[in-house]
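Each chain, written out:
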Number of protein chains: 2
Amino acid sequence: MSAPTLEDVTAVVTDLATAAKQASRSLATLTTAQKNSVLEAAADAIDAAADTVLAANATDVERAEAAGTEASLVDRLRLTPERIAGITGGLRQVAALPDPVGQVTAGKTLPNGLDLRQVRVPLGVVGFVYEARPNVTVDGFGISFKAGNAVLLRGSSSAADSNAALVAILREVLTTHKVNADAVALLPSETRDSVTALIRARGLVDVVIPRGGAGLISAVVRDATVPTIETGTGNCHIYVHADADVDIATRIIMNAKTRRPSVCNTVETVLIDKAAADAALGPITTALQAQGVVIHSDEPGFEPATEDDWHREYLSLDIALKVVDGLDAAIDHIAEYGTGHTEAIVTGSLTAANEFTARVDAAAVMVNASTAFTDGEQFGFGAEIGISTQKLHARGPMGLTELTSTKWLVWGDGQVRPA
Amino acid sequence: MSAPTLEDVTAVVTDLATAAKQASRSLATLTTAQKNSVLEAAADAIDAAADTVLAANATDVERAEAAGTEASLVDRLRLTPERIAGITGGLRQVAALPDPVGQVTAGKTLPNGLDLRQVRVPLGVVGFVYEARPNVTVDGFGISFKAGNAVLLRGSSSAADSNAALVAILREVLTTHKVNADAVALLPSETRDSVTALIRARGLVDVVIPRGGAGLISAVVRDATVPTIETGTGNCHIYVHADADVDIATRIIMNAKTRRPSVCNTVETVLIDKAAADAALGPITTALQAQGVVIHSDEPGFEPATEDDWHREYLSLDIALKVVDGLDAAIDHIAEYGTGHTEAIVTGSLTAANEFTARVDAAAVMVNASTAFTDGEQFGFGAEIGISTQKLHARGPMGLTELTSTKWLVWGDGQVRPA
């Protein structure tokens, strides 16, 4: 059997996207109660079929282990009864969230008597491209569906069996509830051609959200003709201002680096004000090194830093450290190297805090708090589909609302516009 | 002298975009009062230099006439003392509008005491690509500047002298007010290469808004690596329901077609319900033909309609007309051929009105009102930069708010995230 060509894959993706577009039209008018019933039923169905899902997942895990996949990636891929309970708990949590669809976001009566309302509506068809984490398959469906969208899931080929098992259950639940099952579909994952086809399905797909490494994201941005939302690249900084409390600074930096080094809100560069260096440099670097963090710095006694280190998103127990000459220098450094994710200042000075928050351009700007807080659950969204680092449409943690658009409703009784 | 290459043009555009990015950082922290002073001063300066602007414009107009440009296009290009007064009046109107920057759009105190606020911030650098209308040069600057953005203007080569004269005045006013003059710049317009360079200036330009024909828009969508907002393609429909008042339907259709046929909110296709056809077809078509409108239809006695007619955005005194078999058929037709701009129903039935507004997917959906109302000024925005027909970020008429993003501010006193 020869490998499918881009044309073959495009035909498959186009068919699935066309069906999803058709399904999305009926999703837009489901009531909140109807949507919640489906989400609850999907959770029950996955719980009931846990053994089937675990068996499918075991196949994926065996294949990954046989291929010598890194243990941390196999761990992300692996499902357990507890993790399945977590996944279905997530669906029930989404069912309990307020429905953004139908919210009136603006409105008034115009002088000519026209009644104007701006209401939230689903986007239509959402595409997700994501890594080998089967939980994202169900989360992606749950959040998209609650916001009234059909979803095209392009998971990793390493999770193909798990994803297929989960999507089969979801489609069956939809059918049982007399909802068009094409509201969720799994795209082929053998090659990146299905990503290419997805991001070029203009007119059928309303937005594609890629999750993954810089390579995937830049390929998507380059080749996409459908709108996309960039997520997740975080070269986050913590700036220790001259007036910082050293204990607070140390605690925040330790939390932001060592709590979970592999996530995007991890701090990657610490900037220490020259005026704070005498007091702060010792305690901070000692604490980091005691936890096994490798420090890359121009300061003596550390791994020498190169230009590359200021750009790096290590996602590991590494950190870059620079002594900067004041607030302006810190802000300039962040403007040059930051990725617009999360930037923090530690200071006791109100002036410095105001200056920093006003001038630093990022999805989240923090004062005396750990960068680890940039997270949909922490912000109280109840669900998160990623953290947008772009400025259009959504910025920062994205919840249900970010998967909606709006439309203007204009009701009249025969008004025409004067010449 | 050989023509500049794409590389040459890209170098010029990159320099201007880099300078604009730098300028945008200082614009973000200007107060509303500072911005309004600049806008008022710019209006005064253009009024004072009206003769210079008119002289530059005369050069453009002469060149266009010598090239045999269509009279309607020359008319758009032409400035008069009255039109200059309109332009400067527009700047003063923008100065009087509320400043979106700094508005708090969400906020709360989290259980751990973190103080969370989502505030509106400028997008950064906005690019406009537009037709030969010198007023857009000033409007584009005014709206972008009020929202705290630097702006890169890529006008038409036909308006090169007018645009250069206007931008020179704007830059001088900025300098006088100690604002970085690179907050506004005119891109070269000799070739489309400057558009290509602009839409690929990733990391420097935050959004590009193309105004113009379908050719420009699809080229931008295909080649852009910076986010873009599509504007303006309107294949708008009016559906005359079985329960429509024929007089109201006729009045609305006449207004929507003949008031200004060349604009995007013009109706292009009339759908008449089979049940209304006996009563409505005669009066509506008679009224249209009396005003010189050519009707393209499968019904007898008109220009025969082809598949192409259902897709056409005529922007002229032409209209497509189809008799449809009920509400579902009307909605299906609109889903297939509409461009998501403005769709209207004429009906006395509340059920039909609800059904139509819920199921039709467009930037504006109207009941018993002319499609001509889809307009920023009519909606009360005070200023408009175009009508978005996409679903991401902005949908429908775009005002100042649509030229902003948000950022999350998180203030704490040392909070770290539990493991």
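Note that this is a predicted model, so its numbers are computed, not measured. (Residues numbered from 1 in each chain as written. Chains lettered and ligands numbered in written order. Predicted model: local features only at pLDDT ≥ 70, side-chain atom pairs only at ≥ 80, totals over all residues. Heavy atoms only, no water.)

As for the UniProt feature "domain: Aldehyde dehydrogenase" (unreviewed entry) in chain A
Per the UniProt record, "domain: Aldehyde dehydrogenase" (unreviewed entry) is annotated on residues 13–289 of chain A. Within residues 13–289 of chain A, the helical portion is 53% and the strand portion 16%, while the C-alpha atoms at the span's ends are 49 Å from each other. (UniProt positions renumbered as here; feature names shortened; annotations may be inferred. Helix = DSSP H or I, 4+ residues; strand = E, 2+ residues; numbered from the N terminus.)

Describing the relation of the copies chain B and chain A
In the superposition of chain B on chain A (RMSD 0.0 Å, axial shift 0.0 Å), the rotation amounts to 180°. With respect to symmetry, the two chain copies, as superposed, fit the operation of a two-fold axis. Relative to the rotation axis, the C-alpha of H393 of chain B is the closest in chain B, positioned 1.8 Å from it. (Least-squares fit on C-alpha atoms with pLDDT ≥ 70 in both.)

Thoughts on the side chain of K407 of chain B
Its location among the elements puts K407 of chain B in strand β16 (residues 404–415). D361 of chain A provides the closest opposite charge to the buried, salt-bridge-free K407 of chain B, at an N-O distance of 5.6 Å. Polar side-chain contacts of K407 of chain B include one of 3.4 Å to the backbone oxygen of A358 of chain A. Not counting residues up to four positions away in its chain, the partners in contact with K407 of chain B are T357, A358, R359, V360, A362, A363, V365 and R395 of chain A together with R117, Q118, V119 and V121 of chain B. (Buried < 20%, exposed > 50% of the residue type's maximum accessible area, 1.4 Å probe, protein only. Lys, Arg positive; Asp, Glu negative; His and termini not counted. Salt bridge = Lys/Arg side-chain N within 4 Å of Asp/Glu carboxyl O. Polar contact = N/O pair within 3.5 Å; in protein donor to acceptor, adjacent residues only side chain to side chain. Contact = heavy atoms within 4.5 Å.)

A word on the pairing of strand β4 (residues 150–154) of chain A
Residue and element names in this part refer to chain A. With five of five residues buried, β4 is to be regarded as a mostly interior element. Where burial is concerned, the two faces of β4 agree: the one with A150, L152 and R154 and the one with V151 and L153 are both buried. Pairing of strand β3 (residues 125–129) with β4 involves five bridges; the strand directions are parallel. Counted as the bridge partner of V126 is V151 from β4. In the classification by handedness, the crossover that spans β3, the intervening helix α6 (residues 134–146) and the parallel β4 is right-handed. As paired elements, β4 and strand β5 (residues 184–186) share three bridges and run parallel to each other. Along β5, the bridge assignment pairs L153 with L186. (Pairing = 2+ DSSP bridges. Right-handed = clockwise from strand over helix to strand, strands pointing away.)

Here we look at the sheet that holds strand β6 (residues 207–210) of chain B
Residue and element names in this part refer to chain B. One open sheet accounts for four strands, arranged β5-β4-β3-β6; its pairing is parallel. Each edge of the sheet is formed by a strand with only one pairing partner; in this case those strands are β5 (184–186) and β6. Shown here is a sheet whose adjacent strand axes are inclined to one another by a mean of 15°, direction ignored. Across the sheet, helix α6 (residues 134–146) is in contact with β3 (125–129), β4 (150–154) and β5; its angle to β4 comes to roughly 160°. Across the sheet, helix α7 (residues 160–176) touches β4 and β5, and the angle it forms with β5 is around 160°. (Axes fitted to C-alpha atoms, helices over the stretch in contact; angles between N-to-C directions.)

Quick word on the interface of chain B and chain A
When the parts come together, some accessible area is lost, and that loss is often what is quoted as the size of the interface. With 75 residues of chain B at the interface, the matching set in chain A holds 75 residues. Taken together, the two surfaces of chain B and chain A that pack against each other cover about 6100 Å², and 54% of this comes from carbon and sulfur. Summed over the shared surface of chain B and chain A, the result is eight salt bridges. Across the salt bridge formed by R417 of chain A and D375 of chain B, the nearest N and O atoms sit 3.7 Å from each other. If you look at where chain B meets chain A, you find 42 residue pairs in polar contact (both at pLDDT 80 or more). If one sorts the elements of the side of chain B that touches chain A by residue count, β16 of chain B sits on top with eleven residues. The residue makeup of the side of chain B that touches chain A, split by class, is 38 nonpolar, 20 polar and 17 charged. The sheet contact formed by strand β16 (residues 404–415) of chain A and strand β13 (residues 364–369) of chain B spans five bridges and is parallel. Along β13 of chain B, the bridge assignment pairs Q415 of chain A with A369 of chain B. (Buried area = accessible area lost by both parts, 1.4 Å probe. Nonpolar A, V, L, I, M, F, W, Y, C, P; charged D, E, K, R; others polar.)

So, the pairing of β16 of chain A
Residues and elements named next belong to chain A. Summarising burial for β16: eleven of the twelve residues are buried, a large majority. The sheet contact formed by strand β2 (residues 115–122) and β16 spans eight bridges and is antiparallel. Directly across from P122, in β16, lies its bridge partner T404.

Focus: the sheet that holds strand β7 (residues 236–240) of chain A
The strand order across the open sheet formed by ten strands is β10(A)-β9(A)-β11(A)-β8(A)-β7(A)-β12(A)-β13(A)-β16(B)-β2(B)-β1(B), and the pairing between neighbours is mixed. Whereas interior strands pair on both sides, the edge strands pair on one side only; in this sheet they are β10 (303–304) of chain A together with β1 (104–109) of chain B. Bridge analysis of strand β9 (residues 294–297) of chain A against β10 of chain A gives two bridges, and the strand direction is parallel. Paired with H296 of chain A across the strands is E303 of chain A, a residue of β10 of chain A. Its contacts with the sheet place helix α10 (residues 246–258) of chain A against β7, β8 (267–273), β11 (318–324), β12 (342–346) and β13 (364–369) of chain A together with β16 of chain B, and it is angled at close to 120° to β16 of chain B.

What to know about the side chain of T225 of chain B
Inspection of the secondary structure puts T225 of chain B in the loop between α9 (214–223) and β7 (236–240). Taking the relative accessible area as the measure of exposure, T225 of chain B reaches 17% and is therefore buried. Each residue touching T225 of chain B, except ones within four places of it in the same chain, is listed here: V221 and R222 of chain A together with I199, R200 and R202 of chain B.

Details of the pattern of salt bridges
Overall, the coordinates contain 48 salt bridges over all chains when judged by the stated rule. Where R63 of chain B meets D161 of chain B, a salt bridge forms, and the shortest distance between an N and an O atom there is 3.0 Å. Here R63 of chain B is found in helix α3 (residues 50–66), whereas its partner D161 of chain B is found in helix α7, with 98 residues between them in sequence. Judged by its relative accessible area of 38%, R63 of chain B is partly exposed. For R133 of chain B, the salt bridge identified is with E131 of chain B, shortest N-O distance 3.6 Å. The class of E131 of chain B is partly exposed, set by a relative accessible area of 21%. Linked through salt bridges whose partners overlap, the residues forming this network are K21 and D206 of chain A together with D361, K391 and R395 of chain B.

Focus on the domain arrangement of chain A
Domain assignment breaks chain A into domain 1 (6–229 + 398–411) and domain 2 (236–373). Using C-alpha coordinates to define each centre, domain 1 of chain A is positioned 35 Å away from domain 2 of chain A. (Domains from an automatic or database assignment.)

Digging into unusual backbone geometry
Here the phi dihedral of K178 of chain A falls at roughly 60°; this positive angle occurs in a residue that is not glycine. Looking at where K178 of chain A falls in the secondary structure, it is placed in the loop between α7 (160–176) and β5.

Re the packing of aromatic side chains
Each aromatic ring pair is summarised here by two numbers: the centre-to-centre distance and the angle between the ring planes. As enumerated under the stated definition, the model contains ten aromatic pairs over all chains in all. With a centroid separation of 5.8 Å and an interplanar angle of 50°, the aromatic rings of W408 of chain A and F381 of chain B are classed as tilted. A residue pair is termed interchain when its members come from two chains, as with W408 of chain A in strand β16 and F381 of chain B in the loop between β13 and β14 (387–388). Among the residues examined, W408 of chain A registers a relative accessible area of 6% and is labelled buried. A network of ring pairs unites the aromatic residues F379 and F381 of chain A together with W408 of chain B as a single cluster. (Phe/Tyr/Trp six-rings, centres within 6.5 Å; stacked < 30°, edge-to-face > 60°.)

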